[in-house]
Structure formats: C-alpha cells, structure tokens
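Each chain, written out:
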Amino acid sequence: MSGYSPFSRRDLIGAGLAGAGMLALDGCSPGRKARTTRGGSIRVATQSSSTSDTLDPAKASNSTDYTRQFLLYSGLTCIEDDTLVPRPALAETFESDDRITWRFDLRRGVHFHDGKELTSEDVVHSLLRHKDPAVGSKMSAIAAQFAEVRSEGRYGVILRLTSANADLPALLAQPHMLIVKAGQAHPDGTGTGPFRLAEFKPGVRTVALRNPEYWVPGRPRLERIEMIAIPDEVSRINALLSGDVQIVNGVNPRSVRRIAADPGCRTMVTPSSQYTNLIMRRDSMPTGNPDFVQAVKLMIDRPLIHRAIFRGYATIGNDQPIAPFQPYFNAGIPQTLLDTDKARWHVQRSGLTGVRLPLYCSTAAEGSVDMASILQEYGSRVGLNFAVNRMPADGYWSTHWMRHPMSFGNATPRPTADLIFSLFYESGAEWNESGWKDERFDRLLVEARGEADRARRGELYGEMQQIVHDRCGVAIPAFISLIDGFDSRLKGLRPIPLGAFMGYRFAEHVWWED
Amino acid sequence: MASPASSRASSSRPAWLGVVMLIARRMAAALLTLFLVSAVIFTISGLLPGDAAQEILGQSATPEQVAALRHEMGLDRPGPVRYYEWLRAMAAGDPGKSYVANMPVQDIISDRLPNSLMLAGITALVSVVVALTIGIAGAINRGGRIDKVLNIITLSLVATPEFLIATLGVLLFSVKLLWLPSIAMIGKDASWGEMLRSLALPMLSLAFVVIAQMARMTRAAVADQLDRPYVEMARLKGVPFRRIVLFHVMPNAIGPVVNAIALSLSYLLGGALVVETIFNFPGLASLMVNAVTSRDMPLLQSCAMIFCGAYLALMLVADVIAILANPRLRA
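Cut-off values and rules
- Residues numbered from 1 in each chain as written.
- Chains lettered and ligands numbered in written order.
- Predicted model: local features only at pLDDT ≥ 70, side-chain atom pairs only at ≥ 80, totals over all residues.
- Heavy atoms only, no water.
- Helix = DSSP H or I, 4+ residues; strand = E, 2+ residues; numbered from the N terminus.
- Buried < 20%, exposed > 50% of the residue type's maximum accessible area, 1.4 Å probe, protein only.
- Contact = heavy atoms within 4.5 Å.
- Areas by Shrake-Rupley, 256 points an atom, 1.4 Å probe, with all protein chains shown as cover.
- Lys, Arg positive; Asp, Glu negative; His and termini not counted.
- Charge placed at Lys NZ, Arg CZ, Asp CG, Glu CD.
- Core = buried A, V, L, I, M, F, W, Y, C linked by side-chain atoms within 4.5 Å.
- Pairing = 2+ DSSP bridges.
- Axes fitted to C-alpha atoms, helices over the stretch in contact; angles between N-to-C directions.
- Parallel < 35°, antiparallel > 145°, perpendicular 65-115°, else oblique.
- Left-handed = near helix turned anticlockwise from the far one by under 90°.
- Nonpolar A, V, L, I, M, F, W, Y, C, P; charged D, E, K, R; others polar.
- Salt bridge = Lys/Arg side-chain N within 4 Å of Asp/Glu carboxyl O.
- Buried area = accessible area lost by both parts, 1.4 Å probe.
- Polar contact = N/O pair within 3.5 Å; in protein donor to acceptor, adjacent residues only side chain to side chain.

To continue, consider the overall build of chain B. If you tally the helices and strands in chain B, you get 15 helices and 0 strands. Reported as C-alpha extents along the three principal axes, the dimensions of chain B are approximately 85 × 60 × 35 Å. Per-residue burial over chain B gives 43% buried out of 331 residues. Within chain B, contacts between residues at least 6 apart in sequence are counted, and of these 73% link residues at least 24 apart. When the accessible surface of chain B is summed, it comes to about 16800 Å², and 69% of that surface belongs to carbon and sulfur atoms. Taken as two groups, the 26 positive and 19 negative side-chain charges of chain B have centres that lie 17 Å from each other.

What follows covers the nonpolar core. Membership of the largest hydrophobic core comes to 100 residues, with the highest contact counts inside it found for Leu76(A), Phe104(A), Phe386(A), Phe421(A) and Tyr425(A). The greatest single-element share of this core, amounting to 7 residues, is contributed by helix α12 (residues 368-382) of chain A. Discounting chain neighbours no more than four positions away, the residues touching Phe104(A) are Leu76(A), Ala91(A), Thr93(A), Phe94(A), Tyr155(A), Gly156(A), Val157(A), Leu159(A), Leu168(A) and Leu172(A). Among the nonpolar cores identified, the runner-up in size contains 41 residues, and Ala124(B), Ala139(B), Ala166(B) and Val222(B) belong to it.

Residue and element names in this part refer to chain A. Across the sheet, 7 strands lie side by side as β8-β9-β10-β1-β11-β20-β12; this open sheet has mixed pairing. The open sheet terminates on both sides in strands that have one partner only, identified here as β8 (195-201) and β12 (265-270). The sheet contact formed by β8 and strand β9 (residues 205-210) spans 6 bridges and is antiparallel. Pairing of Phe200 across the sheet is with Thr206, part of β9.

Below, the discussion takes up the packing of helix α9 (residues 290-298) of chain A against helix α11 (residues 340-350) of chain A. Residues and elements named next belong to chain A. Put simply, α9 and α11 touch, their axes get as near as 8 Å, and they point 160 degrees apart. The orientation of α9 with respect to α11, classified from their angle, is roughly antiparallel. Along this stretch, α9 crosses α11, giving a crossing that reads as left-handed. Touching Asp291, Phe292, Gln294, Ala295 and Leu298 of α9 are Lys342, Ala343, His346, Val347, Arg349 and Ser350, all from α11. For the contact of α9 with α11, the per-class residue count stands at 5 nonpolar, 3 polar and 3 charged.

So, on to the pattern of salt bridges. Tallied over the entire structure, the rule returns 40 salt bridges over all chains. Among the ionic pairs, Asp167(A) bridges to Arg457(A), the shortest N-O distance being 3.1 Å. Placement of the pair is Asp167(A) in the loop between β7 (156-161) and α6 (168-171) and Arg457(A) in helix α16 (residues 454-471), with a sequence separation of 290 residues. Its salt-bridge partner being Glu199(A), residue Arg205(A) comes within 3.4 Å of it at the nearest N-O pair. Residues Arg205(A) and Glu199(A) agree in their burial class; the two are buried. Look at the salt bridges and you will find they share partners, linking Arg43(A), Glu199(A), Lys201(A), Arg205(A), Arg224(A), Glu226(A) and Asp111(B) into a network.

Another aspect to go through is the interface of chain A and chain B. Counting residues at the interface gives 41 residues for chain A and 45 residues for chain B. Here chain A and chain B share an interface that buries about 3200 Å² over both sides, 54% of which is from carbon and sulfur atoms. When the buried area of chain A at its contact with chain B is split by residue, Thr51(A), Lys138(A) and Asp394(A) rank highest and sum to 18% of it. Here chain A and chain B share 1 salt bridge between them. Across the pair Lys201(A) and Asp111(B) runs a salt bridge whose closest N-O atoms are separated by 4.0 Å. Our enumeration of links across chain A and chain B arrives at 4 residue pairs in polar contact (both at pLDDT 80 or more). Elements that contribute at least two residues to the side of chain A that touches chain B include exactly β8, β10 (224-229), α7 (233-241) and α13 (396-399) of chain A.

Another point: the side chain of Asp167(A). Asp167(A) gets classed as buried once you look at its relative accessible area, which sits at 9%. Among all residues touching Asp167(A), those that are not within four sequence positions of it are Thr416(A), Asp418(A), Arg457(A) and Tyr461(A).

Our next topic: the sheet that holds β7(A). All names here are of chain A. In spatial order, the strands read β4-β5-β7-β6; together these 4 strands make up an open sheet with antiparallel pairing. The sheet is open, and its two edges are formed by β4 (91-95) and β6 (146-152), each paired on a single side. The mean inter-strand angle of the sheet, taken between neighbouring strand axes irrespective of direction, is 15 degrees. Helix α4 (residues 120-128) rests against β5 (101-106), β6 and β7 of the sheet, and its axis sits at about 165 degrees to β6.

With that settled, consider the environment of Ala417(A). For Ala417(A), the position within the fold is in helix α14 (residues 417-424). On the basis of relative accessibility, which here comes to 7%, the residue Ala417(A) falls in the buried class.

Right under this line is the structure:
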C-alpha cells in the first residue's frame with residue numbers, strides 16, 4: 001500500500017491490492033472486447049467557432065476547443081466513465097506517498113504523429129508551459145501548485161507540488177493538460193492522440209484522420225472526423241435532421257421532441273455539474289445581509305425553474321456546487337424549499353421591504369434571464385423589488401459578472417470537488433463570486449485536498465457543502481443537463497458528466513454502423 | 001437634343017476625359033473616407049468594454065495574465081500610437097497580424113473573401129436578371145393583372161426578413177425533401193456541383209430580398225420614363241414597343257437601376273451576416289463580427305476597409321455607367 005492508488009473501491013477489490021502498474025491494464029487500454037468495426041467519416045457540429053480557435057491545449061476555452069484537443073492529443077491520465085475516477089493513459093503508472101511528490105512512469109513506445117517517441121521531456125515541457133505567463137494558459141492557477149517538474153530518465157517524470165493534492169491525477173486529465181511536443185511554443189496539432197490533423201482553419205473547420213499508430217490498439221474506429229460549428233441552435237438541429245452532420249451538442253430542451261420525432265436521430269442527456277447561480281456579494285449592501293440572502297434562497301421556486309426553463313433536463317440544486325451524482329455529494333443536507341412566508345419574515349427582519357434592487361443577467365449565463373424574471377415575480381410577493389437588467393453577452397464576464405451586488409454567474413463542469421471549491425469558494429480565490437470568507441471552510445479545503453482516505457474526504461467535503469449551503473451568498477437553483485443529438489447509426493455513445501460528447505472524448509470511442 | 005452649351009463643352013472636352021476626372025476625384029475622396037472610417041472604427045471599438053487580451057483569456061483571466069498578454073500584444077501602448085502604427089503599415093500594404101488567431105490578417109481574409117465574393121457574385125447574377133425582368137414587366141403592364149401580382153409578391157418579399165426565408169427554405173428543402181444541404185460546406189476539395197448545391201439555399205434567401213428591392217426600383221424608373229413625351233412620340237412614329245423599351249426607355253432609366261443594383265451588391269458582400277450565420281457560411285461578415293467580439297483590431301479594421309472600399313467602388317461604377325448611358329450627365 002505504499003503507492004497511492006487513485007482507484008475506487010470496486011477497482012481495488014477487482015484487481016487485488018496489487019501495484020498500480022498492474023492496475024494500469026484496466027486503464028485506457030481496451031481491456032474490454034475491442035470491436036473491430038472500422039470506417040466511417042462523420043461531421044460534428046459544435047456551438048461556437050471563431051478566429052480564436054486553437055490547437056494549443058493550454059488555451060482551449062470552449063467545448064469546440066476541448067473536443068479538438070482530445071482528437072489530437074492524449075493526457076497523462078484520462079477519465080473514462082461516470083465514476084470520474086482518473087485512469088492511467090500516457091502515464092502507465094502514477095504514484096505518491098505523500099500526495100506532494102508524484103512519480104509518473106510513461107508508457108513505452110508511444111509516438112507523436114510525426115514519428116517522434118514520447119519521452120519525459122515532452123511531459124516536462126507540456127506541464128511547465130502552464131506557468132509561463134506569455135502562454136496565457138487557462139490552467140495557470142493550478143499550475144501555480146507545481147513547485148517542480150523534472151524528468152527522471154527517459155520515461156520517468158517527477159512532479160513536486162507546493163502542498164498535498166490527492167486530486168492531481170484528475171487535474172491532469174483535463175483537456176488543458178494534454179501532452180504536446182517538447183520545444184513547441186505554439187503547438188501545431190502534433191500530439192499522440194487518436195486522430196491526425198489534416199486541415200485546421202480557425203473559425204471554419206477542423207479535419208482529422210485516423211491515427212493508425214494510436215497507442216490504444218483497436219482505436220479509434222472512425223476513419224475521418226470533421227468539426228464545424230453552427231452557432232445558431234435551430235440551424236444546428238436542422239443540419240442534424242437533414243443528415244449534413246452526424247452529431248451536435250448544445251441541444252435546447254425545447255428541441256428534444258423535434259429530434260425524437262425523427263427515427264434516424266437520438267438524443268443523449270448528460271447530467272452535469274454545470275450551474276447558473278445567483279451571486280449576492282458579501283461586501284456590498286443589502287446583499288451582505290444574511291437575512292436577505294436567506295430570503296432569496298427561500299423564495300426560489302426550484303421545481304418551476306427545473307420545469308419551465310430547463311424542461312426537466314436539469315437536476316434541482318441546493319445552493320451548494322456539488323451535484324447529487326458527483327463523488328462526495330452530501331445527501332444529508334435538507335433541500336431548501338419555496339417558503340414565501342419565511343422569506344417575507346427574513347425580508348422584514350432585514351428591513352429591506354420595497355427597496356429597489358438591480359439584478360444583472362445575460363444570455364452569457366445560460367438561463368439567467370428567465371431566472372431573473374422568476375425571481376422578480378416571487379420577489380414582489382415577499383416585498384422585494386428587483387429591477388432586472390439584461391446585459392449583452394458580449395463583455396458580460398469582464399464587466400458585469402461579480403461586479404454588482406447581484407449578478408448571475410455560470411460554472412462549467414469540473415472533475416473534482418476540490419477544483420470547484422478552490423476556484424469559486426476559497427476566500428482568496430480569483431473567482432470567489434460572492435466575496436465571502438469562512439475560515440473553517442478554507443481550512444477544510446486544504447485538509448481535504450491532501451487527504452488520501454476516501455471516507456474521511458467525504459466527511460470533509462460533506463461539511464464544506466453544508467457551510468456553503470448555510471452561509472455563502474450564492475444560490476444554485478439547478479444543475480443543467482447537457483443534451484447532444486446524434487445520428488442513430490453512430491454507436492458507442494454514453495454520457496460522462498464532464499461535458500458534452502462523452503466528456504469531449506467521444507471521437508476515440510464511437511463507431512459507425514450502416 | 002443637346003443644348004448648344006453642352007455640345008460646346010463636349011466638343012472641347014471629350015466625354016472620357018470627364019469620366020476620368022470624375023474617377024480621379026472620387027478616388028481621392030475614397031481615400032479620405034477610408035481614413036476617416038478607420039479612425040472612427042478605431043475610436044469606437046476602443047470604447048467597447050474589455051480588450052483582446054481579456055477576451056482571449058476569458059472568464060478565467062487573472063490581472064497578471066491580462067497584463068502579460070497585453071504587453072506581448074502591444075496593447076499597453078497608448079491608442080493613438082497603435083493607430084498610427086497600424087496606419088503606417090496599412091499604407092505600406094501590410095494589414096498586420098491578427099491578435100487572436102496569431103496569423104497574418106491577409107491569410108485569414110484570403111480564406112474568406114473568395115467565399116463572400118462567390119456568394120455575392122452568383123446571387124447578383126441571378127437577381128439582376130430576374131429583377132430586371134420583373135421590374136420591366138411590371139412597368140409595361142402597369143395597372144394590369146401581372147403588375148398587381150408582381151407587386152404583391154415583391155412587396156411581401158421586401159417585408160419578409162431573410163432569416164425567415166432561410167429557415168423555411170432549410171425546413172422544406174433540407175429537412176423535409178433532403179434535396180439540398182442545410183449548411184454551406186465549402187471545402188477545398190469540393191467539386192463545382194457540390195459547391196453550387198451548397199450555395200443554393202444561401203443564394204435563394206439572399207436573392208429573394210435583393211430581387212424584390214431591385215425590381216421595385218426598376219419598375220419605378222421604367223414607369224417614370226414610359227410617361228415621358230418622347231415615348232409617346234416614338235409610339236406615334238410607329239416604333240415597335242419592344243424597341244422603345246429596350247433602346248429608348250432603358251438607357252434613360254439605367255441610372256437609378258444601376259444605383260439600386262450597386263447598393264444591393266454592397267449589401268450582399270457585407271450584409272449577409274444572417275445568412276452566413278444560419279448556413280454556417282464562412283464569409284467576411286461573420287469574420288467581422290468575430291473580430292468585434294474578440295476585439296481583434298487589425299482584423300476588424302481590414303474587414304471594415306474591404307466593405308467600405310467595395311461600397312465606394314460600386315457606387316463609383318454605378319455613377320460612371322449612369323453617365324455613360326445618359327449623354328446629358330456627361331457635361
């Protein structure tokens with residue numbers, strides 16, 4: 001038991017308490033029966049594409065980018081199913097005694113698309129570039145935890161952190177952390193991934209062809225994949241129904257019935273931990289008043305939001321960011337229910353009856369405009385007077401988000417509880433949306449991060465959820481499910497709660513059956 | 001028909017000289033216009049919240065990162081300095097490098113411009129022919145049943161927004177009938193047949209709106225000329241009606257018609273945004289919107305220069321044609 005094992009209990013029982021090296025067999029390599037069906041060329045339509053499309057994993061910023069990175073590159077670890085347990089990928093084993101110093105042993109004989117063998121220097125380069133401000137990495141905050149990254153021999157990598165983090169393997173499975181070739185300041189698509197880049201035009205299309213030397217035998221099964229973006233949702237669905245594209249993401253709940261009516265198409269609903277939240281800043285008035293915050297949480301009609309805005313394609317939330325299907329979810333916290341009488345009592349106690357409160361929403365935060373209207377309606381019943389300000393999506397994040405006493409935010413799915421809490425709830429975090437500060441919470445966060453025992457971690461995260469639920473100025477009415485639409489001849493799709501398209505990695509798993 | 005004064009003028013100064021002078025004057029004015037437009041765009045886009053560095057880093061930006069990226073892009077220098085440098089490079093023929101895509105603006109535009117030109121060209125070709133036919137037919141049968149039917153059709157098309165036509169077209173031809181692709185797929189390996197099939201629906205939706213406008217203008221101009229005494233004179237002299245319309249009325253009506261065509265063409269080049277969005281057509285209009293949202297100044301300026309330049313050039317061509325077709329304007 002010297003090496004830290006990142007696997008769930010079931011895995012451990014299955015494999016015996018062997019070393020991580022043996023467990024690796026159950027990793028990304030196809031231990032299951034690999035189908036040999038091969039062939040097929042599909043076109044994928046995503047939501048957005050622009051001149052900022054990138055081949056640089058560090059700069060990837062939306063689902064289109066993430067999907068493209070996973071076509072071309074592989075990571076040290078990968079997350080393959082809804083348990084969200086990281087498994088070995090380019091790293092055949094990873095282990096740590098103290099969760100501070102991690103040792104990775106790379107898979108032998110993996111080659112980049114140009115024939116160069118993958119070695120530790122590629123990994124060191126890929127990880128260290130996140131710390132370079134000139135790169136502009138989206139992961140620079142996490143990379144700040146990397147105290148030292150060095151190679152140990154041709155295939156060994158030592159990664160020393162500034163403090164213990166048991167979630168490192170999960171962080172390394174993120175699309176930004178994929179491995180690029182050493183010496184490339186601007187990665188050009190030469191990776192070790194399942195597809196080779198054939199054409200890349202920012203804002204227009206990406207074409208990739210099957211990599212016959214992919215390090216997972218038997219994968220991928222598609223010959224060619226073309227990615228385009230159709231920002232308009234109706235057009236995207238039309239393209240699917242007319243057979244011009246074979247898979248789309250970002251299906252509006254209202255369009256599900258249209259797709260279902262077509263016998264040749266299906267939808268896949270991925271429950272995700274994505275949420276749109278109402279932010280009440282602690283550092284301004286009246287939102288800093290705990291009575292006000294409590295009143296707002298009590299006057300949110302969650303079933304209505306679930307039903308009317310998301311048409312049931314959502315999971316009701318309880319003002320804390322861990323969704324029920326995620327590891328470490330605390331089921332013991334009582335669900336906040338709509339209670340206008342109690343809300344009115346809190347409003348009266350705070351002395352805010354009739355005060356005009358501006359509320360900032362935007363289509364940039366999904367569903368927030370409708371949520372604001374619902375809030376305004378219920379607010380009038382408890383004596384609060386909300387003025388809804390609908391802001392343009394362009395520039396919303398830089399000019400309005402967190403800048404007003406009340407605004408809406410949106411958080412995309414993150415693989416671990418630690419990541420969600422450290423990004424949005426730690427008092428020193430850049431995006432501490434509500435500007436709150438809870439010493440006990442901060443202490444628990446650091447403790448849980450370094451804790452190896454799953455049960456103990458569960459307790460710590462459970463308490464943190466309770467603290468956020470009770471005291472943080474953030475209301476989370478629902479977790480929004482992601483809906484993909486696809487041609488029913490495309491087989492092998494299953495939801496992975498990290499994002500659309502099987503956590504953006506569908507291309508190497510699916511196959512085409514005529 | 002010419003008065004003594006104008007015949008003297010045209011004898012001392014040949015017609016082509018007047019046209020050349022006009023072109024030269026208009027070119028100078030165009031350069032000034034382009035300069036002013038670029039200054040206005042630079043100023044206004046500077047007022048937009050956020051800059052390219054913030055947009056690239058997005059929601060996740062930390063202040064240090066933004067500062068570092070700003071420095072790398074040169075955005076930390078004062079606005080007038082950046083504008084002057086852009087202007088100097090532009091005057092030397094170099095539109096600069098896109099902040100966001102990290103490649104020369106020229107390369108990005110040379111990918112998109114042919115697409116836009118092709119769509120605009122094909123649409124224009126089809127719509128000019130159809131619009132002239134409809135317009136002339138309406139004017140000749142003024143008040144008749146054909147005219148009324150054409151009037152109703154063109155008026156209702158002018159009033160129909162193109163996104164509606166485009167969406168209905170997709171629902172009918174792509175989703176129901178499966179005849180045409182619902183998105184424009186213009187790859188480098190596409191054949192001419194595929195290309196035309198891809199272009200059919202975008203062209204259709206653009207053409208409807210443009211045809212209606214041009215047809216209305218043509219009808220008005222031709223109808224106006226048909227009321228003139230010279231038409232009556234020609235009729236009384238026994239000139240065949242077809243000859244009257246084509247050789248007497250049209251040259252006189254061509255001025256406003258060509259103007260309407262030029263306006264429509266400049267619209268086709270830059271105003272096709274809705275159609276580009278619905279059909280995912282990689283054209284210039286969506287590129288420009290892209291440049292605005294990502295605050296990509298060099299790209300935005302180049303797009304604006306192309307649209308502005310194209311508009312000015314088309315207007316110039318329209319004026320020259322109108323002058324050449326109408327002797328009275330040459331003086």
